[in-house]
Amino acid sequence: LAALEDASCGKAAVFDGEVVAFDDGGRPSFGQLQQRMHLTGAAEVARRMAEVPVLYEVFDLLHFDGTDTTALPYDDRRRLLAHLLDDAGAAHRERRCWSLSSTHDDGDALLDAARANRLEGVMVKRRASPYEVGKRSSNWRKVKVRWEQELVIGGWLPGEGARANRFGALLVGYHDATAPDRPLRYAGRVGTGFTDAELVRLGALLDERASGACPFDPPPPRPVARVAHWVEPDLVAQVAFAEWTSEGILRHPAYQGQREDKAAADVVLELPS
């Protein structure tokens, strides 16, 4: 923070940005960032700071020295922000924990690069847009990279609320082709993407395949396994998702439909975690 304070010349400034941690490949990783969250002890905080360094990625300027900059066009705010951060000085550069986010004019090429590097997506902003506080704006759009994979349905969790009498989420996995006997590895739960008709249709198929044995090896975490209903693992679902976590679990998965053209025994991991 000292470098940012110097950047604003000791005057009040409000920045917008995001704290980021990176994986071994240099990609932003929410799983890594989670290791820095909810810490209370000073020794634990210090240890995690050394093990999982973070960076404050600055991407906008909302207020500076008594002036509200949110009504300015993005290009003007960006020029002011770049000037302020450049003024931090060389003395802080070797130890600074912040960075000015990069910008690109070719959105298609940037999205292709995000996909090639298995990033979450890109943020698209109109260059003349103001900063609209507290609401979503059509001037800014998050364009996500979505991956898809066939996965085996091994169980389900009860629904709640409007879905109290139906399944709430599918428990899915894939066969580990690197291990003897190709065990079914747990990959997470999928609770979105279902129409009412598909909830009824798929629910009937799950009831027909009810089983008393967990098909996953190892089983899902205890809080999941304790309330799970297991099924014979012969149904295959197409699932879209943002990424694999470092624990090998799907992040932001959504059901796309049943795959009747793919045998469950042939489903393996296609995009490594």
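Preceding block: the structure.
What counts, and where the lines are drawn
Residues numbered from 1 in each chain as written. Predicted model: local features only at pLDDT ≥ 70, side-chain atom pairs only at ≥ 80, totals over all residues. Heavy atoms only, no water. Helix = DSSP H or I, 4+ residues; strand = E, 2+ residues; numbered from the N terminus. Expected span 1.5 Å × (residues − 1). Buried < 20%, exposed > 50% of the residue type's maximum accessible area, 1.4 Å probe, protein only. Arc of directions from axis to C-beta. Contact = heavy atoms within 4.5 Å. Salt bridge = Lys/Arg side-chain N within 4 Å of Asp/Glu carboxyl O. Polar contact = N/O pair within 3.5 Å; in protein donor to acceptor, adjacent residues only side chain to side chain. Pairing = 2+ DSSP bridges.

Asker: When you look at helix α7 (residues 196-208) in this model, what are you seeing that I'm missing?
Answerer: Along an α-helix, residues three or four apart share an orientation, since each turn contains 3.6 residues. Under the 1.5 Å per step criterion, the end-to-end length of α7 is 19 Å for 13 residues, consistent within 8% with the ideal 18 Å. Every buried residue of α7 is listed here: E198, L199, L202, G203, L205 and L206. Buried residues of α7, seen end-on, are gathered within an arc of 160° and therefore sit on one face of the element. In α7, the exposed positions that point more than 90 degrees away from the buried face belong to D196, A197, V200, D207 and E208. Among the structural elements, β7 (147-158), β8 (167-175), β10 (210-211), β11 (229-241) and β14 (254-258) are those in contact with the buried residues of α7.

Asker: Sorry, what's going on with the pattern of salt bridges here?
Answerer: Two side chains carrying opposite charge are able to pair once their charged atoms lie near each other. This structure, assessed with the given rule, holds 20 salt bridges. A salt bridge links R48 to E44; its shortest N-O distance comes to 3.0 Å. Here R48 pairs with E44, and both are found in helix α3 (residues 42-51), just four residues apart, close to one helical turn. Given a relative accessible area of 19%, R48 falls into the buried group. Judged by relative accessible area, E44 falls into the partly exposed class, the value being 26%. Salt-bridge contacts for E208 lead to R209; the nearest nitrogen and oxygen are separated by 3.6 Å.

Asker: In this structure, what is going on with the side chain of Q149? I would like to understand it.
Answerer: Among the secondary structure elements, Q149 is positioned in strand β7. Within the structure, the side chain of Q149 is placed 3.0 Å from the backbone nitrogen of E270, a separation counted as a polar contact. Those residues in contact with Q149 that lie beyond four places of it in its chain are A237, Q238, V239, F241, W244, V267, V268, L269, E270 and L271.

Asker: Looking at this structure, I do not really get unusual backbone geometry. What am I missing?
Answerer: One can expect most non-glycine residues to show negative phi and most peptide bonds to be in trans. The amide bond that connects D217 to the next residue, P218, takes the cis arrangement and shows omega of -5°. Residue placement: P218 occurs in the loop between β10 and α8 (222-225). Backbone geometry places H38, a non-glycine residue, at a positive phi of 60°. Here H38 shows up in the loop between α2 (30-34) and α3. For H252, which is not glycine, the phi torsion reads 55° and is therefore positive. If you trace the backbone, H252 turns up in the loop between β13 (250-251) and β14. H252 sits in the partly exposed class, given a relative accessible area of 42%.

Asker: How should the pairing of strand β2 (residues 54-64) be read in this particular structure?
Answerer: Every regular strand shows the same layout, with side chains that alternate between the two sheet faces. Sheet topology note: the strand β1 (residues 13-21)/β2 ladder contains nine bridges and is antiparallel. Within the sheet, the bridge partner assigned to V19 lies in β2 and is Y56. The pairing of β2 with strand β4 (residues 98-100) spans three bridges and is parallel. Bridge pairing in β4 places Y56 opposite W98. As paired strands, β2 and strand β3 (residues 67-68) are joined by two bridges and run antiparallel to one another. Considered in β3, the bridge of H63 is made with D68. Where β2 folds back onto β3 in an antiparallel hairpin, the turn is made up of two residues, including D65, whose phi is positive at roughly 50°.

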